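Fold and contact review
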Amino acid sequence: MKFMKLGSRPDTFYTTEAVRSVSTEVSSDLIIQIKGYRYLLHKFPLLSKCLRLQRLCSESPNSSPQQIIQLPDFPGGVEAFEACAKFCYGITITLSSFNIVSVRCAAEYLQMTEEVEKGNLICKLEVFLNSCILRGWKDSMVTLQSTKSLPLWSEDLEITSRCIDAIASRIQINPSKVNLSHSYSRGGRDDASSCNGAESQRHRPTSKGWWAEDIAEFSIDLYWRTMVAIKSGGKVPAYLIGEALKIYASRWLPNISRDVNVNKQAATDSGSETISEITSKHRLILESIVSLLPMEKGSVSCSFLLKLLKAGNILGASYSSKMELARRVGLQLEEATVCDLLIPSLSYTNETVYDVDIVMTILEQFMQGQSPPTSPPRAKASFEKRRRSRSAENVELFQESRRSSSASHSSKLRVAKLVDEYLQEIARDVNLPLSKVIALAEAIPDFARIDHDDLYRAIDIYLKSHPELSKSERKRLCRILDCKKLSMEACMHAAQNELLPLRVVVQVLFFEHARAAVAGGQVTELPNNIKALLATHGNDPSKIQPTLGTNGTGPAEDEWSISGLKSPKSKLSTLRMKLAEEDNDMDDSLMSQEVLVRTSKLKGVFSIPSRPKRMLSKLWPINRSVSERH
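The present account deals with the structure reproduced in this document. None of these values were measured; they are calculated from a predicted model. Numbering of residues starts from 1 in each chain and follows the order in which that chain's sequence is written. Totals for whole chains, interfaces and linings use all residues, but because this is a predicted model, local features are given only for residues with pLDDT of at least 70 and pairs of side-chain atoms are given and counted only at 80 or more. The basis for every side-chain value is the complete set of heavy atoms in the structure, and neither hydrogens nor water enter the calculation.

**Brief notes about the overall build of the protein chain**
Note on conventions: DSSP H or I runs of at least 4 residues are helices, E runs of at least 2 residues are strands, and numbering of each starts at the N terminus. Regarding its fold elements, the protein chain presents 29 helices and 8 strands. Relative accessibility thresholds used throughout: buried, under 20% of the residue-type maximum; exposed, over 50%; partly exposed, between the two (1.4 Å probe, protein chains only). Within the protein chain, the fraction of its 630 residues that count as buried is 44%. Partitioning the contacts of the protein chain with sequence separation of at least 6, the portion at a separation of at least 24 is 73%. Of the roughly 33,100 Å² of accessible surface on the protein chain, 52% is carried by carbon and sulfur atoms. Any pair of residues with heavy atoms lying within 4.5 Å of one another is described as a contacting pair. The Shrake-Rupley method, run with a 1.4 Å probe sphere, supplies the accessible areas, and residue values consider only the shown protein chains as cover.

Here it is in structure tokens:
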């Protein structure tokens, strides 16, 4: 670190109780009182350099041999005043980044300018500050930190802004490989030298973005201003800005628990700040970090954005901050995990465990941002591009559009899987409304769900956790399920699921056994009526393939089990029972006309006549030998 020494005389100040005096043969004629301390000094050396003391002495009566002057609002305290007084006496003082702010403010207060005397203290301090302090990394950091004790004076004297500009300019030299030591937060130190000495050129190897750890020690107001100055230069990559914000958040934002009483007890034990003050401070930090997020997509991870969103929900951040985070998460939602999306809900109007509304907002933002571009992006005009033919540009545009569309498609496939897994987690919440489950499931386009196994699992969990659902509500929930996209294992589980409506069970049984009949080779061709029904649902009967073998392992409570599969005869009895139940409820007012038509068609296919064997042999092939079939 840099330092500067002024004066040459030895220190002759001494203390007697709360009185500071100068050891001289001349008796003191000036008493200065500062914050409980009394200084017995002399008018001549002080008034010759301090314009303010000259004016105060001329304005106050001089009836006693010792004139008394009180300075209750003196900036910097007794240490800063004593440094100024010693300078007036010619006593040696040492200045560095640790005390230059307080001494500079004290000299300004005393008006130690060049108008009073040439080579006065203010001039020397400014030269030292500009030529030495602001040219060193650690000195600039320490000086900026010391401005917190005198914020108004530092702002008026532009010390704060000059330190911030110096720090930002040092980072912008080469932000990824700045050759400066890890001096501030890592315990290193610059070589100490005087102002007249040359700055050391020896540098230690550094890691990318190390400066973020140093400036993370700043309070949020200084940090925000420093980061704005760094970003305004336009030379620091967005990913380094994002990394710096992540480091600062981990430094100052705690691991907040949902149990507010624990945090309140911790605040009570500290005795320094109330829970309200701590929450307000953290809220300010969070909102400031959000305002500093780079605009570039991917500059910060989706996981970090969702952590900020969780903290924002708990701290009660502003609506605009939370919506900005939701928008940013939506742009890169495919990177998220289910754990990231489990955002606690602390709203007094919402009794659900997790905030489903904010996830719905994120999903909407994702869908809006994933549309392929409809027009080519504008590029810089160049001579080579102008020479290109229009056909070549059209080919390039077509290829770029295909790449964007492909990326969007793959992202939606990943998000569809993510949403279905998220639905499985929140479906256990007994307070989760049915409308929110349906809204989340329907927000995913049909093409994004290659199969509906995860969606069926979520529906099954929701039905088990909400046994009070009416029949009409169960039907509403199951309408989001496409039985054609269920695997064989899921079909086997659904066929025996007593919580599913009859319409779903009938569809599952139909498609399951139609696929089994073709895959097993028991029939060479499906009946015409089954072909027609499969065609209406978009299935090609010739391309139906089995999706699961017969081997399985023992699942957990909510897992699907195929160990208890019944024989075709027992499935037939289950279907007959379900159909009979449906006959009794045909007057259900909530069933649409389309559902009635489909149900009647299925009943026609699966009806049990007086001679059922002829009809069932086409649906459920019985394991018989070739000779028996002939």
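**Thoughts on the packing of helix α15 (residues 319–331) against helix α17 (residues 356–369)**
Between two packed helices, what matters for the description is the angle formed by their axes and the separation of those axes. Running from N to C, α15 and α17 cross one another at 50 degrees; their axes reach a closest spacing of 7 Å. Taken together, the axis directions place α15 and α17 in an arrangement best described as oblique. The chirality of how α15 crosses α17 is right-handed. In contact with Met323, Ala326, Arg327, Val329 and Gly330 of α15, α17 contributes Ile358, Thr361, Ile362, Gln365 and Phe366. Ten residue types, Ala, Val, Leu, Ile, Met, Phe, Trp, Tyr, Cys and Pro, are classed as nonpolar, four, Asp, Glu, Lys and Arg, as charged, and the remainder, Gly among them, as polar. Taken together, the residues of the contact of α15 with α17 break down into 6 nonpolar, 3 polar and 1 charged. Interaxial angles span 0 to 180 degrees and are taken between N-to-C directions of axes, which are lines fitted to C-alpha atoms, for helices over the stretch in contact. Small angles under 35 degrees read as roughly parallel and large ones over 145 as roughly antiparallel, with 65 to 115 read as roughly perpendicular and the rest as oblique. Handedness of a helix crossing follows the sense of rotation of the near helix relative to the far helix, less than a right angle counterclockwise being left-handed and clockwise being right-handed.

**Section: the environment of Leu292**
Inspection of the secondary structure puts Leu292 in helix α13 (residues 275–292). Setting aside its immediate chain neighbours within four residues, Leu292 contacts Tyr223, Trp224, Met227, Val228, Lys231, Ile241 and Leu245.

**Considering the pairing of strand β4 (residues 30–34)**
For β4, the tally of buried residues reaches 4 of 5 residues, placing the bulk of the element in the interior. In short, DSSP must find at least two bridges between two strands for them to pair. For β4 and strand β5 (residues 37–41), the ladder comprises 5 bridges, and the chain directions are antiparallel. Residue pairing for β5: Ile31 is matched across the bridge by Leu40. The turn joining β4 and β5, which pair antiparallel and follow one another in sequence, is formed by 2 residues; a positive phi near 50 degrees is taken by Lys35. With 4 bridges connecting them, β4 and strand β6 (residues 67–70) associate as parallel partners.

**Things to note about the packing of aromatic side chains**
Classification of ring pairs uses Phe, Tyr and Trp, with its six-membered ring standing for Trp, and accepts pairs whose centres are within 6.5 Å; under 30 degrees between planes counts as stacked, over 60 as edge-to-face, and the remaining range as tilted. Across all of its chains, the model carries 8 aromatic pairs by this definition. The rings of Tyr39, Phe74, Phe81, Tyr109 and Trp153 are connected pair by pair, giving a single aromatic cluster. When the NZ atom of lysine or the CZ atom of arginine is within 6 Å of a ring's centre and also within 35 degrees of its normal, the charge is said to sit over that ring. One cation-aromatic arrangement involves Arg52 over Tyr109; the distance from NZ or CZ to the ring centre is 4.0 Å. Lying over the aromatic face of Phe13, Lys86 brings its terminal NZ or CZ to 5.7 Å of the ring centre.

**Quick word on the sheet that holds strand β3 (residues 19–22)**
An order of β2-β3-β5-β4-β6 is seen for the 5 strands of this open sheet, with the pairing classed as mixed. Strands at the two margins of the open sheet, each flanked by one partner only, are β2 (13–16) and β6. Each strand of the sheet is rotated relative to its neighbour by a mean of 25 degrees, with strand direction disregarded. Along the sheet face, helix α2 (residues 51–59) touches β4 and β6 and points at about 120 degrees away from the line of β6. Each of β2, β3, β4 and β5 is contacted by helix α3 (residues 77–89), which is oriented at about 5 degrees to β5, the strand it contacts most.

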